[in-house]
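Close look at the chain arrangement
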Amino acid sequence: MVFQILPSLLAADYGSLADEIRRAEASGADALHIDIMDAHFVPNLSFGPDIVALCRRVAPGFFRHVHLMLTRPDLYLEPFAAAGAQTIQIHVEADCDLHAELPRIRALGLRAAIALNPETPAEAVFPYLGLCDEVLVMTVHPGYGGQSFIPDCLPKISLIRRRAPDIDIMVDGGINDKTAILAAKAGANQLVAGSYLFKQSDMAAAVAALRKDGAAAFNSP
Ligand code: DX5
Ligand code: ZN
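Residues numbered from 1 in each chain as written. Chains lettered and ligands numbered in written order. Predicted model: local features only at pLDDT ≥ 70, side-chain atom pairs only at ≥ 80, totals over all residues. Heavy atoms only, no water.

1. Quick notes on the site of ligand 1
- As a matter of local geometry, ligand 1 sits amid 19 residues, with Ser8, Asp35, Gly143, Asp172 and Ser195 nearest to it.
- With respect to ligand 1, the side chain of serine 8 contributes an N or O atom lying 2.8 Å from an oxygen atom.
- Glycine 174 is positioned with one of its backbone polar atoms (N or O) 2.8 Å from an oxygen atom of ligand 1.
- Notes on ligand 1: free accessible area 390 Å², of which the protein chains cover 99%.
- Looking at the shell around ligand 1, the elements that each hand over two or more residues are β2 (32–37) and β3 (64–69).
- Per-element accounting of the shell around ligand 1 gives the leading share, 3 residues, to β2.
- Here the shell around ligand 1 is composed, by residue class, of 7 nonpolar, 10 polar and 2 charged. (Near = heavy atom within 4 Å. Polar contact = N/O pair within 3.5 Å; in protein donor to acceptor, adjacent residues only side chain to side chain. Areas by Shrake-Rupley, 256 points an atom, 1.4 Å probe, with all protein chains shown as cover. Helix = DSSP H or I, 4+ residues; strand = E, 2+ residues; numbered from the N terminus. Nonpolar A, V, L, I, M, F, W, Y, C, P; charged D, E, K, R; others polar.)

2. Overview of the side chain of serine 8
- Structurally, serine 8 can be placed in the loop between β1 (4–7) and α1 (17–26).
- Note on serine 8: relative accessible area 4%, which makes it buried.
- Only 2.8 Å separates the side chain of serine 8 from the side chain of aspartate 35, close enough to count as a polar contact.
- If we ignore the near neighbours within four places in the chain, the residues touching serine 8 are His33, Asp35, Val192, Ala193, Gly194 and Phe198. (Buried < 20%, exposed > 50% of the residue type's maximum accessible area, 1.4 Å probe, protein only. Contact = heavy atoms within 4.5 Å.)

3. Remarks on the sheet that holds β2
- The sheet built from 8 strands is open, its strands ordered β1-β8-β7-β6-β5-β4-β3-β2 with parallel pairing. What marks the edges here is a single partner per strand, and that holds for β1 and β2. Here the strands of the sheet are splayed against their neighbours by 25° on average, with no regard to which way each runs.
- Here 5 bridges tie strand β6 (residues 134–138) to strand β7 (residues 168–172), and the two strands are oriented parallel to one another. Paired with valine 137 across the two strands is valine 171, which belongs to β7.
- Together, β4 (87–91) and β5 (111–116) form the strand contacts of helix α4 (residues 98–107), whose direction differs from that of β5 by roughly 140°. (Pairing = 2+ DSSP bridges. Axes fitted to C-alpha atoms, helices over the stretch in contact; angles between N-to-C directions.)

4. Quick look at the packing of helix α5 (residues 154–163) against helix α6 (residues 179–186)
- It is at 8 Å that the axes of α5 and α6 come closest, and there the two elements cross at 30°. Here Leu154, Ile157, Ser158 and Arg161 of α5 lie close against α6, whose contacting residues are Leu182, Ala183 and Ala186.
- Its residues assigned to classes, the contact of α5 with α6 comprises 5 nonpolar, 1 polar and 1 charged.

5. As for the packing of aromatic side chains
- A full pass over the atoms with the stated rule returns 2 aromatic pairs.
- Plain terms: the ring middles of tyrosine 14 and phenylalanine 47 are 5.6 Å apart, the flat faces sit at 70° to each other, and that makes the pair edge-to-face. Of the two residues, tyrosine 14 is situated in the loop between β1 and α1 and phenylalanine 47 in the loop between β2 and α2 (49–58); the sequence distance between them amounts to 33 residues.
- Note on tyrosine 14: relative accessible area 45%, which makes it partly exposed. (Phe/Tyr/Trp six-rings, centres within 6.5 Å; stacked < 30°, edge-to-face > 60°.)

Next comes the structure, spelled out in structure tokens:
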């Protein structure tokens, strides 16, 4: 299974956003994680479709995962698809019918993913596993970067991995060189890291180390 590292743009220096997008791409990271917040589903606001379009313009070949932390993600699938999203991640806690919306994401030609908050049990995503390409397990309460990893989420990763051995499982929140290993051991093969990667003076070295150590932990019995 492919093991991937994704910098989260939320932690970039917004004063030089285009350079930060290029720095993330040049680091050798596999894809970019772009956090969209509505100040309703989470207590914060972040980016809209224009920032996704900026990412596509600045780094067309750098794959774009769009994490919709929105109460009504169903109202924004088309604008984000048109702006260049390549995976759209919607929350199981959102106020919409996932049985309808996950197929709609795929019908737009994108990868579909389902995300779940720390307090949501693994079983909540089981009915949708056949409709998505990826599960995003939040390991912080969504809304802000720079929070501490919640280790209580680890058993949930293992439960989902056992239930869906071939699905991509992404973790998001508080990932650093230590927590990356815990998440990968539990069964995650995609790691999002925001503040940890963007604060590095040598992002490429940090990405390579996370990928090497994470992949080893993922593949260890
Ligand atoms: C949190 C976001 C995360 C955030 C992670 O609501 O979904 O993607 O950027 O940031 P770090 O890695 O700093 O915890
Ligand atoms: Zn995120």
